[in-house]
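# Coordinate inspection notes
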Amino acid sequence: MENYKVKKPVSTKVKMASQNMNVYYGDFHALKDINLNFPEHEITALIGPSGCGKSTFLKSLNRMNDLVEGCKITGSIKLDDVDIYKEIDVNILRKRVGMVFQHPNPFPMSIYDNIAYGPRTHGIKNKAKLDDIVEDSLKKAAIWDELKDRLKKNALGLSGGQQQRLCIARALAVEPEVLLMDEATSALDPISTGKIEDLALELKEKYTIIIVTHSMQQATRISDKTAFFLLGDMVEFGDTEQIFSNPRDERTERYVTGRFG
Ligand SMILES: Nc1ncnc2c1ncn2[C@@H]1O[C@H](COP(=O)(O)OP(=O)(O)OP(=O)(O)O)[C@@H](O)[C@H]1O
């Protein structure tokens, strides 16, 4: 735990919460009665063996499962006490809850247009305003200095680590409140991974961050809270330090000490 870099939480407000949430893919019960609170301005890590339902849970937080045929969700997920499946337009939800995926997925267009894309779809046309958003978003994603002289170049020419920070900048450009990161560093080298971890620690001052990770080291390095999933159940949730140093459930202990999964 000597790499533990987490700062003290600055807020105890719950930003997102799931209550008695179940997810089914057809007859398959993928997530069972999940109750979780995500504190504002903290990083929460979702961990657990492959297939336990981490990504399903993360995707449910901005309704990415809506398009999956046969997927049914019961219970509730709330953003600031508002039910995201009943009371918010899905486009507004996705503006407020941004997502970064495992494999960087820049659009096949210029770096500038990648960042301006979201703000444009939300009605911002003014060039000076878009210039500001592009610069600000790239700065927040700690990649402005690397990219400022090549904004008109195609984003597909960037390295994997640069593409992923560009995707984070793109997510930030629409001013989300929550950032979901689904194994966002698993395709990256250790240096790019370190940059994104440092970035997440900076970004939590402004955003609420929820990550899925297979890396125990990453969870201990950057997350304040950790939730351990197993076969569709949320087995244990708590302060990351407690989950890794003093887990209450034997299944959590076996997982975090590498004895299964
Ligand atoms: N579209 C789908 N249709 C049917 N079953 C699905 C679908 N997506 C996921 N599942 C199943 O739901 C379960 C949970 O999958 P999920 O991808 O959420 O797990 P995970 O913990 O994120 O796994 P990994 O770490 O391997 O990414 C698995 O059994 C998976 O096969």
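Quick look at the structure, then. Since this is a predicted model, take the numbers as computed values, not measurements.

## Details of the site of the ligand
Around the ligand sit 14 residues, and of these S50, G51, K54, T56 and H214 come closest. Contact distances for the ligand include 2.5 Å between an oxygen atom and a side-chain N or O atom of S50. Contact distances for the ligand include 3.1 Å between an oxygen atom and a backbone N or O atom of C52. Contributing elements (two or more residues each) for the shell around the ligand: β2 (28–39) and α1 (54–60). No other element matches the three residues that α1 contributes to the shell around the ligand. Counted by class, the shell around the ligand contains six nonpolar, six polar and two charged residues.

## Things to note about the packing of helix α3 (residues 111–121) against helix α4 (residues 127–140)
Relative to each other, α3 and α4 sit at 110°, their axes nearing to 9 Å. When the axis of α3 is compared with that of α4, the two are roughly perpendicular. For the crossing formed where α3 meets α4, the hand is right-handed. Mapping the contact onto sequence places I111, Y112, I115, A116, P119 and R120 in α3 and K127, L130, D131, I133, V134, S137 and L138 in α4. Taken together, the residues that form the contact of α3 with α4 break down as nine nonpolar, one polar and three charged.

## With respect to the sheet that holds strand β10 (residues 233–239)
Strand-to-strand pairing in sheets goes through backbone hydrogen bonds, with the strands running parallel or antiparallel. Spatially, β6-β7-β8-β3-β9-β10 is the arrangement adopted by the six strands of the open sheet, whose pairing is mixed. Edge positions in the sheet fall to β6 (97–100) and β10, since each has one partner strand and no second. Here the strands of the sheet are splayed against their neighbours by 15° on average, with no regard to which way each runs. With four bridges joining them, strand β3 (residues 43–47) and strand β8 (residues 208–212) adopt parallel strand pairing. Paired with A45 across the bridge in β8 is I211. Across the sheet, helix α6 (residues 160–172) lies against β6 and β7 (178–182), angled at about 170° from β6, the strand it touches most.

## Observations concerning the packing of aromatic side chains
Scanning the entire structure with this criterion turns up four aromatic pairs. Residues F57 and F229 carry aromatic rings whose centres are separated by 5.7 Å and whose planes lie at 45° to one another, so their mutual orientation is tilted. Pair noted here: F57 is in helix α1 and F229 is in strand β9 (residues 225–230), with a separation of 172 residues, a long-range link. Note on accessibility: F57 and F229 belong to one class, buried. Seen from their ring centres, F228 and Y255 are 5.1 Å apart, and the 25° between their planes marks the pair as stacked. One end of the pair, F228, is in strand β9; the other, Y255, is in helix α10 (residues 250–256), with 27 residues separating them in the sequence. F228 gets classed as buried once you look at its relative accessible area, which sits at 0%.

## What about the sheet that holds strand β4 (residues 71–79)?
Read from one edge of the open sheet, four strands run β2-β1-β4-β5, paired in antiparallel fashion. The outermost strands of the open sheet, each flanked by one partner alone, are β2 and β5 (82–83). Pairing analysis gives two bridges linking β4 to β5, with the strands arranged antiparallel. Within the sheet, the bridge partner assigned to K78 lies in β5 and is D83.

The rules we used
Residues numbered from 1 in each chain as written. Predicted model: local features only at pLDDT ≥ 70, side-chain atom pairs only at ≥ 80, totals over all residues. Heavy atoms only, no water. Near = heavy atom within 4 Å. Polar contact = N/O pair within 3.5 Å; in protein donor to acceptor, adjacent residues only side chain to side chain. Helix = DSSP H or I, 4+ residues; strand = E, 2+ residues; numbered from the N terminus. Nonpolar A, V, L, I, M, F, W, Y, C, P; charged D, E, K, R; others polar. Axes fitted to C-alpha atoms, helices over the stretch in contact; angles between N-to-C directions. Parallel < 35°, antiparallel > 145°, perpendicular 65-115°, else oblique. Left-handed = near helix turned anticlockwise from the far one by under 90°. Contact = heavy atoms within 4.5 Å. Pairing = 2+ DSSP bridges. Phe/Tyr/Trp six-rings, centres within 6.5 Å; stacked < 30°, edge-to-face > 60°. Buried < 20%, exposed > 50% of the residue type's maximum accessible area, 1.4 Å probe, protein only.

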